[in-house]
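Coordinate inspection notes
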Amino acid sequence: MRDYLLTLCVTAAVTYLLTGPVRKFAIATGAMPEIRARDVHREPTPRLGGIAMFFGLCAGLLVADNLQNLNGVFELSNEPRALLSGAALIWLIGVLDDKFEIDALIKLGAQMIAAGVMVMQGLTILWIPVPGAGMVSLTSWQGTLLTVALVVITINAVNFVDGLDGLAAGMVCIAAAAFFLYTYRLWYGYGIEAAAPATLFAAILMGMCVGFLPHNMHPARIFMGDSGSMLIGLVLAAGAISVTGQVDLDVLKIFEGSTREATHAALPVFIPLLLPLTIIAIPFADLVLAIVRRTWNGQSPFAADRGHLHHRLLEIGHSHSRSVLIMYFWSALIAFGVVAYSVHSASMWILLVVVALSAVGLVLLLLPRFTPRAPLWAESFVPPRYRRRQRPAQAAEAVEAEAIAPVPALAMAQEAQAGPQPVAEERTPVPAGVNGATALGARSRFPDRRKAGSRN
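All residue numbers refer to position in the chain's written sequence, counted from 1. Totals for whole chains, interfaces and linings use every residue, but because this is a predicted model, local features are given only for residues with pLDDT of at least 70 and side-chain atom pairs only at 80 or more, for both listing and counting. The basis for every side-chain value is the complete set of non-hydrogen atoms in the structure, without hydrogens or water.

**Some thoughts on the nonpolar core**
Generally speaking, a soluble globular protein has its nonpolar side chains buried in company with each other. Stated formally: For our purposes a nonpolar core is just a set of buried Ala, Val, Leu, Ile, Met, Phe, Trp, Tyr and Cys residues, chained together by side-chain atoms within 4.5 Å. Here's how the labels work: a residue is buried when its accessible area is under 20% of the maximum for its type, exposed when over 50%, partly exposed in between, all with a 1.4 Å probe on protein chains only. Helical segments are the DSSP runs of H or I of at least four residues, strand segments are the runs of E of at least two, and each set is numbered from the N terminus. Whether two residues are in contact is decided by their heavy atoms: any pair within 4.5 Å suffices.
Ranked by size, the top nonpolar core spans 91 residues in total, and within it Leu57, Leu200 and Leu205 carry the most contacts. Looking at this core element by element, the count peaks at 15 residues for helix H7 (residues 167-189). Excluding anything up to four places from it in sequence, leucine 57 contacts Thr11, Leu83, Ala87, Ile204, Met208, Leu231 and Val235.

Take a look at the structure:
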């Protein structure tokens, strides 16, 4: 555990320290695209944050290779080298896309090639556990197709959810933390050395996200871009492929006895192994909904729109930060709930806690739909929108202002004597949810026509 923590800290430190220079490099090279219709930020923000994350990945692998307890992962397995090869290819395509906007089909082909590179070097699914049948071996073509499909789905799921400041990095960090706990338990608790590469990948992935998040939280100073979102998606998929296709569950001796008993005993293990995408269930659901929505509307599945889950949270009234925290909450609930169930499947407390937290999450999700009122004794501690009535001082000021105000007839006479007045320019308010923060009270909804960076 100490070596994994050291690898995580080194990866996070390298990523954090390099993000600042990378931001200056992105500004100098013009990697600051104009604001698009689906974007929620107000000023052009540099991309290419994936450059710092890739060098953090390299630093983490280099440190782990020189640690005594982790060096065996590189000697007994070729998976770290396969990951580095595929990550370098997908990162290069992402950097070019952040700068020159590569076509979506070209990126899809590059994702398949990166997955094929990893398969050629041994990072592939060799068998899958099937309830009632045990471990089922896959042919070469079956393993390759399943591996490529898992890589492409995971990369695009992470890429689709990268729409708010800190959202993708935080959700992947939560998923990697849950995945690390599960794989570390397989490696340390059951003595399965084949789970060591996946544990290392999860630790490095956490370091990449932790090091980048301080620069990416709202308001973000830099975006990871496709070079970062596709990279962390690939690393997450590599860990899932490693633990799914390389760990032989026969060594756990869970397939002994009758078929029914073996299936029930193996259920906690089947859930994380057969469904590794549960740790990114929210991005995966967003991906599926986006494909169905765009296809139903007669558009290309790769066409960009404002129908993602985080866009919908903004539209119903959540602020930018609250939308991100809600997505964090649901990701953590699903990921850690699955891991907890895989450890103690016989405990009903886990199911009850998950149900209770789900109810809390639904209340938070629907919070903008109603305006709760605070008790009278707490009105002085909450914002005005939660107060039941005005304070006495505010009521007296309102009465005084009404008494001083001119009567309508007198006001009309004064306007007639003054003559025609210049008509103020009419401004169209911005629709709610475009820039977020609509649940925090009254705020100016007029578009800002001043130049970016103005202090006024």
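On we go from here.
**A word on unusual backbone geometry**
Here histidine 218 and proline 219 are connected by a cis peptide whose omega angle stands at -5°. Within the secondary structure, proline 219 is located in the loop between helix H8 (196-216) and helix H9 (225-246). Here leucine 48, not a glycine, exhibits a phi torsion of approximately 65°, which is positive. Positive phi, close to 60°, is recorded for glutamate 101, a residue that is not glycine.

**Brief notes about the packing of aromatic side chains**
To describe a pair of aromatic rings, one takes the distance between the centres and the angle between the planes. Condition: Centres within 6.5 Å make a pair out of two Phe, Tyr or Trp rings, where for Trp the six-membered ring is used; the pair is then stacked when the planes are under 30 degrees apart, edge-to-face when over 60, and tilted otherwise.
For the coordinates displayed, the defined rule picks out 7 aromatic pairs. A centroid spacing of 5.7 Å and a plane angle of 80° characterise the contact between tyrosine 4 and phenylalanine 180, whose relative ring orientation is edge-to-face. Of this pair, tyrosine 4 sits in helix H1 (residues 2-29) while phenylalanine 180 sits in helix H7, placing them 176 residues apart in sequence. In this structure tyrosine 4 comes out as buried when scored by relative accessible area, which is 2%. Residue phenylalanine 180 is classed as buried on the basis of its relative accessible area of 8%. Measuring from ring centre to ring centre gives 6.3 Å for phenylalanine 55 and tryptophan 91, while their planes differ by 80°; the resulting arrangement is edge-to-face.

**Points about the packing of H1 against H8**
Our working definition: Working convention: axes come from line fits to C-alpha atoms, limited for helices to the stretch in contact. Angles between N-to-C directions cover 0 to 180 degrees. Left-handed describes a crossing whose near helix is turned anticlockwise from the far helix by less than a right angle; the clockwise case is right-handed. Residues are sorted three ways: Asp, Glu, Lys and Arg are charged, Ala, Val, Leu, Ile, Met, Phe, Trp, Tyr, Cys and Pro are nonpolar, and all the rest, Gly among them, are polar.
Where H1 contacts H8, the axes come no closer than 7 Å and their chain directions differ by 35°. When the axes of H1 and H8 are compared, the crossing they make is right-handed. Grouping the constituent residues of the contact of H1 with H8 by class yields 13 nonpolar, 9 polar and no charged.

**Focus on the pattern of salt bridges**
For clarity, the threshold we go by: We define a salt bridge as a side-chain nitrogen of Lys or Arg found within 4 Å of a carboxyl oxygen belonging to Asp or Glu.
Summed over all chains, the structure comprises 3 salt bridges. The shortest N-O distance in the salt bridge between glutamate 101 and arginine 47 comes to 3.5 Å. Of this pair, glutamate 101 sits in the loop between helix H4 (79-100) and helix H5 (104-120) while arginine 47 sits in the loop between H1 and helix H2 (50-65); the two residues are 54 residues apart in sequence, bridging distant segments of the chain. Residue aspartate 226 pairs with lysine 107 through a salt bridge whose shortest N-O separation is 2.8 Å. Separated by 119 residues along the polypeptide, aspartate 226 in helix H9 and lysine 107 in helix H5 bring together distant segments of the chain. Take aspartate 226 and lysine 107: they sit in the same class, and that class is buried.

Keep in mind that these numbers describe shape and distance, not what the molecule does.
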